[in-house]
Amino acid sequence: MFKNALVFRIENWESKPALSEIEARLDGARFAPCGATQPESAGWVAPRGRKHGVLAESVGGQIILELCTETKAVPGGVIKTELEAQCDRIEAETGRRPKGKAARQLKEEIVHTLMPRAFPKRGSTRVWLAPQEGLVLIDAASLKKADGVVTRLVELLGGGLRLAPIQTALSPATAMAAWLVEQEAPAGFTLDRDCELKQPDSEKATVRYARHTLDIAEVGEHIKQGKLPTQVAMTWAGRVSFVLTEALVIKKIKLLDIVLEGAGSTANADDGGFDTDVAIATGELRQLIPDLIAALGGLQQPGASAATAALRQADAAPAATTGDSTAPWDEVPA
């Protein structure tokens, strides 16, 4: 259901539209494929995958949306070859080779001409709205991609909606470094067998461990020499494995067998198991995310200065392995 998770906090939403209103607004921005000369297109599609289906699915109070994007691009090599050929022809006819603005205009004409023959590339991004918890989850592995989805959401849903990435008292890099040096994961989590350490300088010297035990002195030595963790593989409660990054992105989410046991018997064949998948995935992530926030020292208080946050990280680093894992999402300011 979700491969990655970038979590945003609902800072403000003065008038939350009803589900029917959300559906109506999404319907006005349904996905349509790129036109002949259109380089990109984006719009909303049915999360269940049904043509002309419902665009805002509600399962157990959790709202699931899906944004589809399509891009078309002419390969750079093709453009360069055609541009050289046309420049050669013009030079042979006029004695002057197009340069500067003339060459740029010629290149644009070539792209416009070849665009209808370009193959489209399509992808989709799932969105989970959790209004009661004051959070929105974007199934994206990069903040740039998630920001594009958030911009569309804010424009679409209105009501003074304002979203911001969650910020924790401890930066993920600081917390991950403490866990690796102390060879101890925070309460409720285990460290798995993959991590990446990078030197924060111009050379960016990098050390990667893949399918390798991390509770060894060598890992701690790299950190003591100045390298910082950029990502660490972890498991929560023996139920969900994932990779935490320095940007607080939860990547490579995988529900483990203990979670999936019995799911097949409750799946509805009529919907392809969609409702069951949503219920299971959101049910697990609704517990995992607060525990992870707690492991990172809790949410950073609004208005905290960079200096205060840095001091808090330094003072709280030894406590990164503890935390109240029962902190409810409804404590998040909305």
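In this report, we go over the structure that sits alongside the text. What you see as residue numbers is a count from 1 along each chain, following the sequence as written. For this predicted model, a pLDDT threshold of at least 70 governs which residues receive local features, and a threshold of 80 or more governs which side-chain atom pairs are given and counted, while totals over whole chains, interfaces and linings are taken from all residues. As a rule here, side-chain values come from all non-hydrogen atoms in the structure, and water together with hydrogens is ignored.

**Side note on the overall build of the protein chain**
- Summing up its helical and strand segments, the protein chain has 10 helices and 12 strands in all.
- To sort residues, take the accessible area from a 1.4 Å probe on protein chains only and compare it with the maximum for the residue type: under 20% means buried, over 50% means exposed, and anything in between is partly exposed. The 334 residues of the protein chain split such that 43% are buried.
- Long-range contacts, defined here as pairs at least 24 residues apart, represent 69% of the contacts in the protein chain between residues at least 6 apart.
- To measure how exposed things are, a 1.4 Å probe is used in the Shrake-Rupley method; for residues, cover is taken only from the protein chains shown. Element-wise, carbon and sulfur atoms account for 50% of the exposed surface of the protein chain, whose accessible area totals about 17,500 Å². Strands are runs of DSSP state E lasting at least two residues, helices are runs of H or I lasting at least four, and both sets are numbered from the N terminus onward. Contacts: residue pairs with any heavy atoms within 4.5 Å of one another.

**Topic: the environment of Ala279**
- Among the structural elements, Ala279 can be located in helix H9 (residues 274-295).
- As a C-alpha pair, Ala279 and Met1 span 278 residues in sequence and 9.9 Å in three-dimensional space.

**Concerning the sheet that holds strand S11 (residues 240-245)**
- Taken in spatial order, the five strands of this open sheet run S9-S8-S10-S11-S12, and their pairing is antiparallel. Both edges of this open sheet fall to strand S9 (206-209) and strand S12 (250-255), since each of them pairs with a single strand only. In this sheet, adjacent strand axes meet at a mean angle of 15° when their direction is disregarded.
- By this definition, two strands are paired if DSSP reports at least two bridges between them. In terms of strand pairing, strand S10 (residues 228-236) meets S11 through six bridges, oriented antiparallel. Note on S11: the bridge partner recorded for Gln231 is Thr245.
- To get an axis, fit a line to the C-alpha atoms, keeping to the stretch in contact for a helix; angles then go from 0 to 180 degrees between the N-to-C directions. Sheet strands in contact with helix H6 (residues 217-224) are strand S8 (189-198), S9 and S10, and its direction is about 160° off that of S9.

**A word on empty space enclosed by the protein**
- In this analysis the probe radius is 1.4 Å and the grid spacing 1 Å, with only protein atoms considered; a cavity is a set of points the probe fits into but cannot get out of, a pocket is an open set with protein on both sides within 12 Å along at least five of seven lines, and lining residues have an atom within 4 Å of a point. Grid points are joined across faces, edges and corners, and a volume is the space filled by probe spheres set on the points. Applying the stated criterion to the full structure yields one cavity of 30 Å³ or more.
- Taken as a whole, the largest cavity encloses approximately 50 Å³ of empty space.
- If you go around the largest cavity, the residues you meet are Val7, Ile166, Leu248, Ile250, Ile289, Leu292 and Ile293.
- Counting residues per element, the lining of the largest cavity draws most heavily on H9, which supplies three residues.
- Lys, Arg, Asp and Glu make up the charged group, whereas Ala, Val, Leu, Ile, Met, Phe, Trp, Tyr, Cys and Pro make up the nonpolar group; the residues left over, Gly among them, are polar. Here the lining of the largest cavity is built from residues that sort into seven nonpolar, no polar and no charged.

**Some words on the packing of helix H2 (residues 76-94) against helix H3 (residues 100-114)**
- Where H2 meets H3, the closest approach of the two axes is 10 Å, and the angle between their N-to-C directions is 125°. By the criterion of interaxial angle, the relationship of H2 to H3 is oblique. H2 and H3 meet at a crossing whose hand is right-handed. For the pair H2 and H3, the contacting residues are Val78, Ile79, Glu82, Leu83, Gln86, Cys87 and Ile90 in the first and Ala103, Leu106, Lys107, Ile110, Val111 and Leu114 in the second.
- Split by residue class, the contact of H2 with H3 holds 10 nonpolar, one polar and two charged. Under this scheme an angle from 65 to 115 degrees is roughly perpendicular, one under 35 degrees roughly parallel, and one over 145 degrees roughly antiparallel; angles in between are oblique. If you view the pair so one helix is near and one far, a crossing is left-handed when the near helix is turned anticlockwise from the far one by less than a right angle, and right-handed when it is turned clockwise.

**Digging into H6**
- Within the sequence span of H6, burial applies to Val219, Gly220, His222 and Ile223. The buried residues of H6 occupy an angular sector of 155° when the element is viewed end-on, so they sit on one face. Of the exposed residues in H6, the ones pointing more than 90 degrees away from its buried face are Ala217 and Lys224.
- Residues of H6 that are buried in the fold lie against helix H5 (172-182), S8, S9 and S10.
- Directly after H6, the chain includes Gly226, whose backbone phi takes a positive value near 115°. The reported arc concerns the directions from the helix axis to the C-beta atoms and nothing else.

**Concerning unusual backbone geometry**
- Positioned with a positive phi, Ala237 is a non-glycine residue whose angle comes to about 55°.
- Residue placement: Ala237 occurs in the loop between S10 and S11.
- By relative accessible area, Ala237 is classed as partly exposed at 44%.
- Phi at Lys252 takes a positive value of approximately 50°, unusual for a residue other than glycine.
- Tracing the sequence through the fold places Lys252 in strand S12.

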